[in-house]
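Single-letter residue listing:
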Amino acid sequence: MAKTLPICIFILSVVSRSCYGTMLATEEYGWRPVFVDNEVVIGGPFGENFIWQFETQEDRILAFNILDGNIKEAQDFLSIHDGADIYSPNVLLGNDDIIQFSRKGLSETLYTTTSKATVQFAKTPISHLKLRIQKAANCSYNIKPETQCGRMVDEVSCYCAIFTNENQTDQTMSCLDNGMKLVSFESEEEEELVHRTWSTQIPFWTSLTDTRRDGSWLWESTMTPLSNGNYTNWFPGRPLIQESDQFNCMLYGGSTYLSFWGDVNCSALANAICEAQP
Ligand SMILES: *[C@@H]1O[C@H](CO)[C@@H](O)[C@H](O)[C@H]1NC(C)=O
Ligand SMILES: *[C@@H]1O[C@H](CO)[C@@H](O)[C@H](O)[C@H]1NC(C)=O
Ligand SMILES: *[C@@H]1O[C@H](CO)[C@@H](O)[C@H](O)[C@H]1NC(C)=O
Ligand SMILES: *[C@@H]1O[C@H](CO)[C@@H](O)[C@H](O)[C@H]1NC(C)=O
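Residues numbered from 1 in each chain as written. Chains lettered and ligands numbered in written order. Predicted model: local features only at pLDDT ≥ 70, side-chain atom pairs only at ≥ 80, totals over all residues. Heavy atoms only, no water.

**Notes on the site of ligand 1**
Line of reasoning, step 1. Around ligand 1, a shell composed of Glu58, Arg60, Ile61, Thr113, Asn138 and Ser140 is seen.
Line of reasoning, step 2. The separation between a nitrogen atom of ligand 1 and a polar main-chain atom of Thr113 is 2.8 Å.
Line of reasoning, step 3. Ser140 is positioned with one of its backbone polar atoms (N or O) 3.2 Å from an oxygen atom of ligand 1.
Line of reasoning, step 4. Calculation on ligand 1 without its partners gives an accessible area of 360 Å², and the protein chains cover 50% of this total.
Line of reasoning, step 5. Grouping the amino acids of the shell around ligand 1 by side-chain chemistry returns one nonpolar, three polar and two charged. (Near = heavy atom within 4 Å. Polar contact = N/O pair within 3.5 Å; in protein donor to acceptor, adjacent residues only side chain to side chain. Areas by Shrake-Rupley, 256 points an atom, 1.4 Å probe, with all protein chains shown as cover. Nonpolar A, V, L, I, M, F, W, Y, C, P; charged D, E, K, R; others polar.)

**Structural notes on the nonpolar core**
Generally speaking, nonpolar side chains in soluble globular proteins are found buried as a group.
Line of reasoning, step 1. With 23 residues, the main nonpolar core has Trp52, Phe54, Phe64 and Val119 as its most contacted residues.
Line of reasoning, step 2. Looking at this core, the elements that each hand over two or more residues are β3 (39–43), β4 (51–55), β5 (61–67), α2 (71–74), β6 (78–81), β8 (116–121) and β9 (130–136).
Line of reasoning, step 3. Each residue touching Phe64, except ones within four places of it in the same chain, is listed here: Phe54, Ile71, Ile80, Glu108, Thr109, Leu110, Thr112, Ala117, Val119, Leu131, Arg132 and Ile133.
Line of reasoning, step 4. Counting 21 residues, the second-largest nonpolar core is a separate cluster that includes Cys149, Val264, Cys266 and Cys274. (Core = buried A, V, L, I, M, F, W, Y, C linked by side-chain atoms within 4.5 Å. Buried < 20%, exposed > 50% of the residue type's maximum accessible area, 1.4 Å probe, protein only. Helix = DSSP H or I, 4+ residues; strand = E, 2+ residues; numbered from the N terminus. Contact = heavy atoms within 4.5 Å.)

**A short note on the state of the cysteines**
Line of reasoning, step 1. Applying the stated criterion across every chain, the model contains four disulfides.
Line of reasoning, step 2. Note that Cys139 is cross-linked by a disulfide to Cys158, the S-S spacing being 2.1 Å. Since a negative S-S torsion denotes a left-handed disulfide, the Cys139-Cys158 link at about 70 degrees is right-handed. With Cys139 in the loop between β9 and β10 (147–150) and Cys158 in strand β11 (residues 158–166), this pair connects stretches of sequence that are 19 residues apart.
Line of reasoning, step 3. Taking relative accessible area as the criterion, Cys139 reaches 2% and is therefore assigned buried.
Line of reasoning, step 4. Its relative accessible area of 0% is what places Cys158 among the buried residues.
Line of reasoning, step 5. Disulfide pairing is shown between Cys249 and Cys266; the S-S distance is 2.1 Å. Handedness here is read from the sign of the S-S torsion; for Cys249 and Cys266, about 100 degrees, the answer is right-handed. (Disulfide = S-S within 2.5 Å.)

**Some remarks on unusual backbone geometry**
Line of reasoning, step 1. Cis geometry is adopted by the peptide bond preceding Pro239, which originates at Arg238 and carries an omega value of -5 degrees.
Line of reasoning, step 2. Of note in this structure, Met223 is not a glycine but carries a positive phi near 55 degrees.
Line of reasoning, step 3. For Met223, a relative accessible area of 48% gives the class partly exposed.
Line of reasoning, step 4. Even without glycine at this site, Leu258 takes up a positive phi of about 55 degrees.

**Focus on the pattern of salt bridges**
Line of reasoning, step 1. For the coordinates displayed, the defined rule picks out seven salt bridges.
Line of reasoning, step 2. With its nearest N and O atoms 3.9 Å apart, the salt bridge here joins Arg132 to Glu39. You can see Arg132 sitting in strand β9 and its partner Glu39 sitting in strand β3, a full 93 residues away along the chain. Like Glu39, Arg132 is buried. (Salt bridge = Lys/Arg side-chain N within 4 Å of Asp/Glu carboxyl O.)

**Digging into the sheet that holds β8**
Line of reasoning, step 1. Spatially, the four strands line up as an open sheet ordered β2-β4-β8-β6, and their pairing is mixed. Two strands close off the open sheet at either side, each with one partner strand: β2 (34–35) and β6. (Pairing = 2+ DSSP bridges.)

**Points about the pairing of strand β16 (residues 249–252)**
Line of reasoning, step 1. Taking every second residue as pointing to the same face, both faces of β16 are buried, with Cys249 and Leu251 on one and Met250 and Tyr252 on the other.
Line of reasoning, step 2. Bridge count between strand β13 (residues 204–209) and β16: three bridges; the pairing is antiparallel. Bridging across to β16, Trp205 finds its partner in Leu251.
Line of reasoning, step 3. Examined bridge by bridge, β16 and strand β17 (residues 261–264) share four bridges and lie antiparallel to one another. By the bridge assignment for β17, Leu251 is matched with Gly262.

**As for the packing of aromatic side chains**
Line of reasoning, step 1. For the coordinates displayed, the defined rule picks out twelve aromatic pairs.
Line of reasoning, step 2. Their ring planes at 10 degrees and their centres at 6.0 Å tell us that Trp52 and Phe54 sit as a pair that is stacked. As far as the burial class goes, Trp52 and Phe54 line up, both buried.
Line of reasoning, step 3. When the centroid spacing of 5.9 Å and the interplanar angle of 75 degrees are considered together, the rings of Phe235 and Phe260 count as edge-to-face. Here the residue Phe235 occupies a position in the loop between β15 (224–225) and β16, and Phe260 occupies one in the loop between α6 (254–257) and β17, the gap between them amounting to 25 residues.
Line of reasoning, step 4. Residue Phe235 is classed as partly exposed on the basis of its relative accessible area, which comes to 23%. (Phe/Tyr/Trp six-rings, centres within 6.5 Å; stacked < 30°, edge-to-face > 60°.)

Structure (structure tokens):
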């Protein structure tokens, strides 16, 4: 699901050299914050006190990591502020609840809580430092007390499990109310990573339905039709193929379908998994 089109901006050394030793507010020089549409990589050399401002889509946040390096060590050279200027609070390492449910082995990443960030270089860093800035989905959701969220798949998307039973329509709304969507498993890997986190003992709703036309399954969250050759994981013998059948929603897991997909009545009550992509 997560598509990345890396856009790398290697800063001309002539630009940064002219900034050495000066306390630069980019705006004074008529510069605008760098807009992070997807991903931006900045590479040194960076001058002392050099300041960068970044911003992304209003309802998204920014994720920082060091390519081929360690963000903790990089903090000796730079500070990342959670907002539009250097007086904004420092970006802190993630909230423990989320880390608990996030996949181990993701690269260490610092997240803002707003759509803006300011990076200040306190010292001239070691050469070849490359700072990657990505647009990310906010993952500090507090959908309901019975919710667990984490970064299951990559550093920039977010998944939440809702442990209350509702029908598929109501769960679709619960996700939307929080700027998320009911999960779509568009690859085996995505399904596997979610499965590993929350297992499949309790069944949960996904966004796959054939409500619009029997037999034409559609991931409603992304409006992606399930075509021949796409990844599927139906329970043997499912989905039922009969005229005007009423089992129009895909339920994942549970004691009937185990770790497979089952087609069931959309009015049934189940847990849900929501996702947010950057
Ligand atoms: C991210 O979520 C937190 C907690 O709900 C909220 O305070 C913050 O404003 C959100 N940030 C953005 C950019 O939506
Ligand atoms: C699903 O199949 C269609 C048609 O073959 C293809 O265009 C599309 O890329 C596939 N989608 C995924 C997520 O594999
Ligand atoms: C689906 O569930 C609803 C509500 O429980 C029920 O009225 C309806 O008959 C069910 N449909 C089928 C085909 O089981
Ligand atoms: C889902 O439940 C709500 C009540 O929470 C009800 O109004 C709605 O008709 C139900 N939808 C389906 C498809 O069962």
